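Single-letter residue listing:
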Amino acid sequence: MSRSSDNKLRPMWSASLPDHVVGLSWSSDARQLAAAAVTGSVVVFDAANGKPVQSLKGHGFGTTAIGWQPGGAVLASAGQDGKVRLWKDHQEIAALDGGSLWVERLAWNAAGTMLAASAGKKVRVWNAEGQLVRELPAQAGTVTDIGWRPGINQLAVLAYGATNLYEPETEELVRTFAWKGSPLALAWSPDGKVLAHGNQDATVHFWYCETGADLQMYGYPSKVRELSWDFTSRYLATGGGPMPCIWDCGGPKGPEGTKPQMLEGHEDHLTTVAFQFHGYLLASAGFDGRVILWQPANKKSPKVGEHRFESEATCGKWSPDDSLLAAGTGGGELRVFRV
């Protein structure tokens, strides 16, 4: 860990999980933090002191994703047992059929009234009580990511060859962004105007939703799974290598023809990039075990905090109020930092 007195990444508490930390999710009031181990268990911690509040059985064969209901008390989890499970007050209240043996992704809408999950080529949407609202048409390939469009109750479904945008309440296909490639992860700009996805071929693709215009950025060392917009919708941070790459999308042509800001500090490929929800700080985590805090606007000295784990840092998540950062590792260590 950096010993500099100006390190803004200050350890608050640590805890352990049985195995590789595969997912983190904060409750809306930031009082609880849920952490999932790849082997299946889900542990809920008191965010103030790190004490376990409850250990949930999670999923047989392994948990893949967790997500706390925005503004609500329901925690959703997905796993390799083909189930989406809903938990409330630390009790399981529903076990939903995900539609295939491996449920990979979860996404709550902003209102917390709908939960979407992807499994294989299928996407199903339930209400907060676990009642099925819709099963969307099967995609041409395996669904690699899903995401709700900010400000509008539309769901983007990412799969080989296209991103399809649906209104789940009506099953209406709103728009198709056709692209011959293998997209891996998506991120909506907070204003809902731009959809970006990172790809298997080491590129990032931008779609401008109102016009359907698109743009592709090349030159990454490896496939891109890490994407995060800042709250102004101007800057997009991406991984795809050992350096966070920040594109300025504020010009009339977006990032076209510009050079990104490259942040040097990691010694191995990234696993996470995450802007604060309402602030200007960026967190990154990597296979080198480092968690680094950046202030990209400070061009001369952007690194403002650092911590190093003994094993690879697998995930990072900001609390809803941006005051805490949680990070997990491949060795099962969980640490929460105050910023």
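Rules of the game
What you see as residue numbers is a count from 1 along each chain, following the sequence as written. Where local features are concerned, this predicted model is filtered to residues with pLDDT of at least 70; where side-chain atom pairs are given and counted, the filter is 80 or more; whole-chain, interface and lining totals use all residues. Heavy atoms from the whole structure form the basis of all side-chain values; hydrogens and water molecules are not counted. Only DSSP runs of H or I with at least four residues qualify as helices, and only runs of E with at least two residues qualify as strands; both kinds are numbered from the N terminus onward. Here the globule rule is a power law, 2.2 Å times the number of residues to the power 0.38, and the radius of gyration is based on C-alpha atoms. Think of it in three bands: residues with accessible area under 20% of the maximum for their type are buried, residues over 50% are exposed, and the middle band is partly exposed, with areas taken using a 1.4 Å probe on protein chains only. The criterion used for residue contact is that any of the two residues' heavy atoms lie within 4.5 Å. Residues scored as charged are limited to Lys and Arg (positive) and Asp and Glu (negative), so that His and the chain ends carry no count. Where a charge lies is defined by one atom per residue type: Lys uses NZ, Arg uses CZ, Asp uses CG and Glu uses CD. Each cavity reported here is a set of points on a 1 Å grid over the protein atoms alone in which a 1.4 Å probe fits but cannot get out, each pocket an open set with protein on both sides within 12 Å along at least five of seven lines, and each lining residue one with an atom within 4 Å of a point. Grid points are joined across faces, edges and corners, and a volume is the space filled by probe spheres set on the points. In this classification, Asp, Glu, Lys and Arg are treated as charged, Ala, Val, Leu, Ile, Met, Phe, Trp, Tyr, Cys and Pro as nonpolar, and every other residue, Gly included, as polar. We call a pair of cysteine sulfur atoms a disulfide when they lie within 2.5 Å. When DSSP finds two or more bridges between a pair of strands, those strands are recorded as paired. Here an axis means a line fitted to C-alpha atoms, over the contact stretch when the element is a helix, while the angle between two N-to-C directions is reported on a 0 to 180 degree scale. We define a salt bridge as a side-chain nitrogen of Lys or Arg found within 4 Å of a carboxyl oxygen belonging to Asp or Glu.

As for the overall build of the protein
Tallying secondary structure elements over the protein gives zero helices and 32 strands in all. In terms of C-alpha radius of gyration, the protein reaches 19 Å, essentially the compact-globule figure of 20 Å for 339 residues. The proportion of buried residues among the 339 residues of the protein is 56%. For the protein, long-range pairs separated by at least 24 residues make up 42% of all intrachain contacts whose partners lie at least 6 apart in sequence. Positive and negative side-chain charges of the protein, numbering 31 and 34 respectively, have mean locations separated by a distance of 2 Å.

As for the layout of surface pockets
What the second largest pocket holds in volume is close to 260 Å³. Forming the walls of the second largest pocket are 14 residues, and the residues nearest its centre are Tyr235, Ile246, Gln261, Pro296 and Lys299. Of the residues forming the lining of the second largest pocket, the biggest block, three residues, is contributed by strand β24 (residues 245–248). Of the residues that constitute the lining of the second largest pocket, the class distribution is eight nonpolar, two polar and four charged.

Observations regarding the state of the cysteines
Counted by the stated rule, this structure contains zero disulfides. Cys249 supplies the cysteine sulfur nearest to Cys209, a cysteine that is in no disulfide, at a spacing of 13 Å. Residue classification places Cys209 among the buried residues on the basis of a relative accessible area of 3%.

Topic: the environment of Phe309
Mapped onto the secondary structure, Phe309 falls in the loop between β29 (303–308) and β30 (313–318). Phe309 gets classed as buried once you look at its relative accessible area, which sits at 5%. Considering only alpha carbons, one finds Phe309 and Gly328, 19 residues apart in sequence, at a separation of 9.2 Å.

Examining the sheet that holds strand β19 (residues 194–199)
Reading across the sheet, the four strands line up as β18-β19-β20-β21 and stay open at both edges, with antiparallel pairing between neighbours. The open sheet has two free edges, formed respectively by β18 (183–188) and β21 (214–217), since each of these has just one partner strand. Recorded for the sheet is a direction-independent mean angle of 20 degrees between the axes of neighbouring strands. Sheet topology note: the β19/strand β20 (residues 204–208) ladder contains five bridges and is antiparallel. Looking at the pairing, Leu195 lines up with Trp207 of β20.

Here's the deal with the environment of Gly60
Counting through the fold element by element, Gly60 comes out in the loop between β5 (52–56) and β6 (63–68). Classification of Gly60 by relative accessible area gives partly exposed; the value is 37%. In this structure the C-alpha to C-alpha distance between Gly60 and Trp318, which are 258 residues apart in sequence, comes to 28 Å. Setting aside its immediate chain neighbours within four residues, Gly60 contacts Gln80 and Asp81.

Topic: the sheet that holds strand β28 (residues 290–294)
Strands sit in the order β26-β27-β28-β29 across an open sheet of four strands; the sheet is antiparallel. Unpaired on one side and paired on the other, β26 (270–275) and β29 mark the two borders of the sheet. Each strand axis lies, on average, 15 degrees off the axis of its neighbour in the sheet, ignoring direction. Strand direction decides the pairing type here: β28 and β29, joined by five bridges, are antiparallel. Considered in β29, the bridge of Ile292 is made with Glu306.

Remarks on empty space enclosed by the protein
Under the criterion given, the structure shown has one cavity of 30 Å³ or more. Reported here for the largest cavity is a volume of approximately 40 Å³. Contributions of two or more residues to the lining of the largest cavity are made by β26, β27 (282–286) and β31 (324–329).

Observations concerning the pairing of β18
The buried count for β18 comes to six of six residues, which makes it a mostly enclosed element. Here β18 runs beside β19; their pairing, made up of five bridges, is antiparallel. The residue bridging Ala187 from the neighbouring strand is Ala196, located in β19.

Brief notes about the pattern of salt bridges
One side chain can pair with another of opposite charge once the charged atoms of both are near each other. By the definition in use, this model includes 14 salt bridges. Arg290 is the partner of Asp288 in a salt bridge, and the nearest nitrogen-oxygen pair spans 3.5 Å. Side by side, Asp288 and Arg290 carry an identical accessibility label, which is buried. Each member of the salt-bridge network shares a partner with another, and the members are Glu267, Asp288, Arg290, Lys303, Glu306 and Arg308.

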